[in-house]
Every structure is written in C-alpha cells, then in structure tokens.
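If you want the building blocks of each chain, they are given just below.
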Amino acid sequence: MEKPWFPQRNPLDTVIALLKSYVFHIQLSISQETIEKDVKDHKEFPYLTIAALKEIIEKWGLETIAGTMDMKEIRELPPFSILFIHDKEGELKVGLFVLLYKAEGDTIEYLQI
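Residues numbered from 1 in each chain as written. Predicted model: local features only at pLDDT ≥ 70, side-chain atom pairs only at ≥ 80, totals over all residues. Heavy atoms only, no water.

Visitor: Quick question: what am I supposed to make of empty space enclosed by the protein here?
Guide: Left-over empty space is what a probe sized like a water molecule reveals as it rolls over the atoms. Applying the stated criterion to the full structure yields 1 cavity of 30 Å³ or more. Empty space within the largest cavity amounts to approximately 40 Å³. Residue lining of the largest cavity: Phe6, Pro7, Arg9, Asp13, Ile16, Ala17, Lys20 and Glu36, and that is the complete set. Among the elements that make up the lining of the largest cavity, the one with the highest residue count is helix α1 (residues 14-26) (3 residues). Taken together, the residues of the lining of the largest cavity sort by class into 4 nonpolar, no polar and 4 charged. (1 Å grid on protein atoms, 1.4 Å probe; cavity = no way out; pocket = protein on both sides within 12 Å on 5 of 7 lines; lining within 4 Å. Points joined across faces, edges and corners; volume = space filled by probe spheres on them. Helix = DSSP H or I, 4+ residues; strand = E, 2+ residues; numbered from the N terminus. Nonpolar A, V, L, I, M, F, W, Y, C, P; charged D, E, K, R; others polar.)

Visitor: Hey, could you run me through the pattern of salt bridges in this one?
Guide: Between side chains of opposite charge, pairing is possible as soon as their charged atoms come close. Under the definition given, this model contains 9 salt bridges. One salt bridge connects Glu109 with Lys3, and the closest N-O pair in it is separated by 2.1 Å. Of the two residues, Glu109 sits in strand β3 (residues 107-112) while Lys3 sits in the segment before α1, which places them 106 residues apart along the sequence. Given the relative accessible area of 23%, Glu109 is considered partly exposed. Overall, Lys3 belongs to the partly exposed group, its relative accessible area being 41%. In this structure, Lys37 engages Asp41 in a salt bridge whose closest nitrogen and oxygen atoms are separated by 2.6 Å. Within this pair, Lys37 and its partner Asp41 are both found in helix α2 (residues 32-41), separated by 4 residues, close to a single helical turn. Each member of the pair, Lys37 as well as Asp41, carries the same accessibility label: exposed. Salt bridges linked by common partners bring Arg9, Asp13, Lys20 and Glu36 together as one network. (Salt bridge = Lys/Arg side-chain N within 4 Å of Asp/Glu carboxyl O. Buried < 20%, exposed > 50% of the residue type's maximum accessible area, 1.4 Å probe, protein only.)

Visitor: Explanation requested: the packing of α1 against helix α3 (residues 50-59) in the structure shown.
Guide: In helix packing, the relevant descriptors are the interaxial angle and the interaxial distance, both defined with respect to the helix axes. Contact pair α1 / α3: the axes reach a minimum separation of 13 Å and the direction vectors enclose 40°. Classified by the angle their axes make, α1 and α3 are oblique. Taken as a pair, α1 and α3 cross one another with a handedness that is right-handed. Contact with α1, carried on its side by Val15, Leu19 and Tyr22, involves Leu53, Ile56 and Ile57 of α3 and no other residues of that element. (Axes fitted to C-alpha atoms, helices over the stretch in contact; angles between N-to-C directions. Parallel < 35°, antiparallel > 145°, perpendicular 65-115°, else oblique. Left-handed = near helix turned anticlockwise from the far one by under 90°. Contact = heavy atoms within 4.5 Å.)

Visitor: What should I look at first to understand the packing of α1 against α2 in this one?
Guide: Interhelical geometry of α1 versus α2 gives an angle of 140° and a closest axis separation of 10 Å. In terms of axis orientation, α1 runs oblique to α2. Crossing of α1 over α2 shows right-handed handedness. Between α1 and α2, the residues in contact are Ile16, Leu19, Lys20 and Val23 and Gln32, Ile35, Glu36, Val39 and Lys40, respectively. Residue composition of the contact of α1 with α2, grouped by class: 5 nonpolar, 1 polar and 3 charged.

Next up, the structure:
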C-alpha cells in the first residue's frame, strides 16, 4: 500500500495533512487546495473537534458516523477511517486524529500526523 506523505508547514496543518491522506486513499476527486480552504475556513479552525471534521467531510458528499468505540469495534472498521484517540489529563481530554490503515488481532496500523 502506498503511503504518501503530505508536508506540514506548521502544527496547524496536521488536520489538513491527515485529510489529504484520507482523500488520497479513498480516491475522492477533490483538490488539495479545496481541502486546505475548507479546513481553514471552518469556524472552529485551528482547533477542530470531531464534529467539525464531520462537517467538512460531509460537505464533500461523504457520509460520516461518530461515536465511542472499544478495540473490538475498531477492528471492524473499514480501512482509512479517521479516528480520534484521546486520553484524559486532569479534567481535560486531549488527543489526536489518526488515519486507520488496518486493525488485525492486537495490532492497529495507523498514520499519526
């Protein structure tokens, strides 16, 4: 499987790079410029929530679902799903978006940007 790298000019570009990789893998006909514009024009940019990411992806005509999952459910997801992996530090939930490549057995392969 080809795994292209989409460069980031600064930390605010992480979600843009993730979406460029996602669009590449699902072979969606949308330009990299459109991805950048849609992300940067979103009212929550630069601190996007999963709900904001859903809005952007749905704008491109794709269906999305969001929810909390355990490891068993993650193994059932199709390749190239976008996940938000989080942890709790004090009262704050922190985490990152990743692109799931595959989940088999006890191994999960994903792109972390």
